[in-house]
Amino acid sequence: MATRHLLRVGDLDRLDIEALLDRAESLRRDPKSTRSRVGAVLGLALFQPSTRTLTGFQAAMARLGGASVVLSNLRMRPEMSEPESLEDTIRVLSAYCDALVFRHESPDALELAVAVTSCPVVNAGNGDDEHPTQALIDLFAIRRWHRRLDGLRIGIVGDMRGSRSTHSLIGALVHFAPAEIRLMFPHERGLPPAWRVPSLPFTDREGRLDFDDLDVLYMAGLPPGTGEDVVPGETRAKLRLSAADAAARLPSRAVILSPLPRIDEIDRAVDERPNARYFEQSGEAQYVRMAVLERVLA
Ligand code: CP
């Protein structure tokens with residue numbers, strides 16, 4: 001990798017990504033094959049809610065033979081004790097750890113954390129900017145289904161503006177010559193110009209689903225929003241994947257993936273379809289996280 005940290009997907013080139021996915025695949029086939037990080041300590045400092053990233057990294061570290069410490073952010077609540085600055089909190093935690101997984105609602109907090117840590121940092125979501133390990137998890141799931149990453153037609157549905165998972169996935173796809181990246185999104189939730197990489201074959205569908213000829217359907221999700229940012233119920237309904245559409249309109253070769261959590265963008269009845277792989281994607285993510293931890297703890 002370009003640096004000892006994994007802060008953005010741009011830190012990885014194609015060879016890095018393929019090496020990580022290959023390692024994750026070996027670990028998936030034989031998860032008990034390694035205790036390569038016995039004695040290592042992973043710190044988890046997640047200042048936003050998490051299910052998969054928190055427990056997935058803890059499970060990955062345990063499988064590698066190491067231990068995890070999880071920061072409780074109670075000091076951020078004034079009624080519990082004196083508030084402590086983010087810098088001091090991270091400086092203290094990182095001194096106990098060999099690597100740090102960090103998530104914060106502010107995109108800029110990541111640089112601040114890196115500046116005060118002595119150990120490698122893995123970005124687990126910096127505001128609405130990036131979520132690079134999620135992109136690796138997504139690529140792993142795509143490759144498991146299609147046995148390749150090049151030349152695919154990939155549909156992404158959701159909030160292109162605010163989905164950090166989408167941004168990192170797009171950044172990773174730069175290395176794999178997709179045939180099309182079809183973006184389906186509500187009005188004013190289009191992809192920011194910074195992510196419109198000129199070499200990528202984007203097509204846009206505002207406010208509607210179009211599954212024609214897709215190989216991958218990535219349901220990135222739509223946050224409810226507040227105030228002027230609320231996505232109207234009518235738009236949400238137009239961008240929801242129903243069981244009927246999954247059966248009749250989506251090609252059977254198209255794998256359905258999602259970073260999760262699900263709000264309402266995928267009907268629960270879709271879960272039973274053979275190409276609905278989002279829970280497998282989430283479960284197998286632990287092998288990707290193991291591969292990432294092995295790398296940053298090397
Ligand atoms: N996909 C993902 O990052 O999930 P969590 O928010 O539960 O960690």
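Note that the structure is predicted; figures quoted are calculated from it, not measured.

Visitor: What exactly am I supposed to notice about the overall build of the protein chain here?
Guide: Looking only at helices and strands, one finds 9 helices and 9 strands in the protein chain. For a compact globule of 298 residues, the expected C-alpha radius of gyration is about 19 Å, and the protein chain comes in at 19 Å, within 12% of that figure. Referenced to the eigenvectors of the C-alpha coordinate spread, the extents of the protein chain come out at roughly 55 × 45 × 35 Å. Within the span of the protein chain, comprising 298 residues, buried residues form 53% of the whole. Contacts spanning at least 24 positions in sequence make up 71% of the contacts within the protein chain whose residues lie at least 6 apart. Carbon together with sulfur atoms contributes 50% to the accessible area of the protein chain, which is approximately 12800 Å² in total. Side-chain charges of the protein chain comprise 38 positive and 42 negative groups, with the mean position of each set lying 6 Å from the other.

Visitor: Before we go on, may I ask you to explain the sheet that holds strand 7 (residues 202-206) in this structure?
Guide: As a general point, the strands of a sheet are linked pairwise by backbone hydrogen bonds and lie either parallel or antiparallel. Strand order across the open sheet formed by 5 strands is 7-6-5-8-9, with parallel pairing between neighbours. The two strands at the open ends of the sheet, each matched to only one other strand, are strand 7 and strand 9 (255-257). Adjacent strand axes in the sheet meet at a mean angle of 20° when their direction is disregarded. With 5 bridges connecting them, strand 5 (residues 153-158) and strand 8 (residues 216-221) associate as parallel partners. Looking across to strand 8, one finds that isoleucine 154 is bridged to valine 216. Across the sheet, helix 5 (residues 132-146) lies against strand 8 and strand 9, angled at about 160° from strand 9, the strand it touches most.

Visitor: What am I meant to see in the pairing of strand 6 (residues 180-185) here?
Guide: Regular strands place side chains that alternate from one sheet face to the opposite one. Buried residues dominate strand 6, accounting for 6 of its 6 residues. Looking at chain direction, strand 5 and strand 6 are connected through 5 bridges and run parallel. Counted as the bridge partner of isoleucine 154 is isoleucine 181 from strand 6. Handedness of the crossover is the feature at issue here: the chain leaves strand 5, passes through helix 6 (residues 164-173), returns alongside strand 6, and the resulting connection is right-handed. Bridge analysis of strand 6 against strand 7 gives 5 bridges, and the strand direction is parallel. When the bridges of strand 7 are listed, phenylalanine 185 appears paired with glutamate 206.

Visitor: In this structure, what is going on with the site of the ligand? I would like to understand it.
Guide: Around the ligand sit Pro49, Ser50, Thr51, Arg52, Thr53, Arg103, His131, Gln134, Pro259 and Leu260, and those are all the residues in its vicinity. In this structure, an oxygen atom belonging to the ligand sits 2.9 Å away from a main-chain N or O atom of arginine 52. Within the complex, the protein chains bury 91% of what would otherwise be the 250 Å² of accessible surface of the ligand. Looking at the shell around the ligand residue by residue, the class counts come to 3 nonpolar, 5 polar and 2 charged.

Visitor: Just to check I follow, could you spell out the nonpolar core for this structure?
Guide: The nonpolar side chains of soluble globular proteins are, as a tendency, buried together. The biggest cluster of nonpolar side chains holds 58 residues, and the ones touching the most others in it are Leu139, Ile156, Leu183 and Leu293. Looking at this core element by element, the count peaks at 8 residues for helix 9 (residues 278-296). With near-sequence residues (within four places) excluded, leucine 139 lies in contact with Ile17, Leu21, Leu149, Leu169, Ala172, Leu173 and Phe176. Counting 20 residues, the second-largest nonpolar core is a separate cluster that includes Met184, Met219, Leu260 and Ile266.

About the cut-offs
Each residue is numbered by its place in its chain's sequence as written, counting from 1. Predicted model: local features are reported for residues with pLDDT of at least 70 only, side-chain atom pairs are reported and counted for 80 or more only, and whole-chain, interface and lining totals are derived from all residues. No hydrogens and no water enter the side-chain calculation; it runs on all heavy atoms of the structure. Under the DSSP-based scheme used, a helix requires at least four consecutive residues in state H or I and a strand at least two consecutive residues in state E, with every element numbered from the N terminus. Just to be clear, the radius of gyration here is over C-alpha atoms, and the globule rule we use is 2.2 Å times residues to the power 0.38. Only protein chains enter the accessibility calculation, which uses a 1.4 Å probe. A residue is then buried if its area is under 20% of the maximum for its type, exposed if over 50%, and partly exposed in between. By the convention used here, residues are in contact when the closest approach between their heavy atoms is within 4.5 Å. Surface exposure here means Shrake-Rupley accessible area, sampled with a 1.4 Å probe, where a residue is shielded only by the protein chains that are shown. Only four residue types enter the charge count: Lys and Arg as positive, Asp and Glu as negative, with His and the chain ends excluded. Working definition for charges: the position is that of NZ of Lys, CZ of Arg, CG of Asp or CD of Glu. Pairing between two strands requires that DSSP report at least two bridges joining them. Every axis in this analysis is a line fitted to C-alpha atoms, fitted for helices over the stretch in contact. Angles between the N-to-C directions lie between 0 and 180 degrees. Crossover handedness is defined by viewing with both strands directed away from the observer: a clockwise path from the first strand over the helix to the second marks the crossover as right-handed. Proximity is defined per residue: if any heavy atom of the residue lies within 4 Å of a molecule or strand, that residue is considered near it. Polar contact is the term for a pair of N or O atoms within 3.5 Å; when the atoms are in protein, one must be able to donate a hydrogen and the other to accept it, and sequence-neighboring residues count only if both atoms are side-chain atoms. Residue polarity follows a fixed list, in which Ala, Val, Leu, Ile, Met, Phe, Trp, Tyr, Cys and Pro are nonpolar, Asp, Glu, Lys and Arg are charged, and the others, Gly among them, are polar. Think of a nonpolar core as a cluster: buried Ala, Val, Leu, Ile, Met, Phe, Trp, Tyr and Cys residues, connected wherever their side-chain atoms sit within 4.5 Å.

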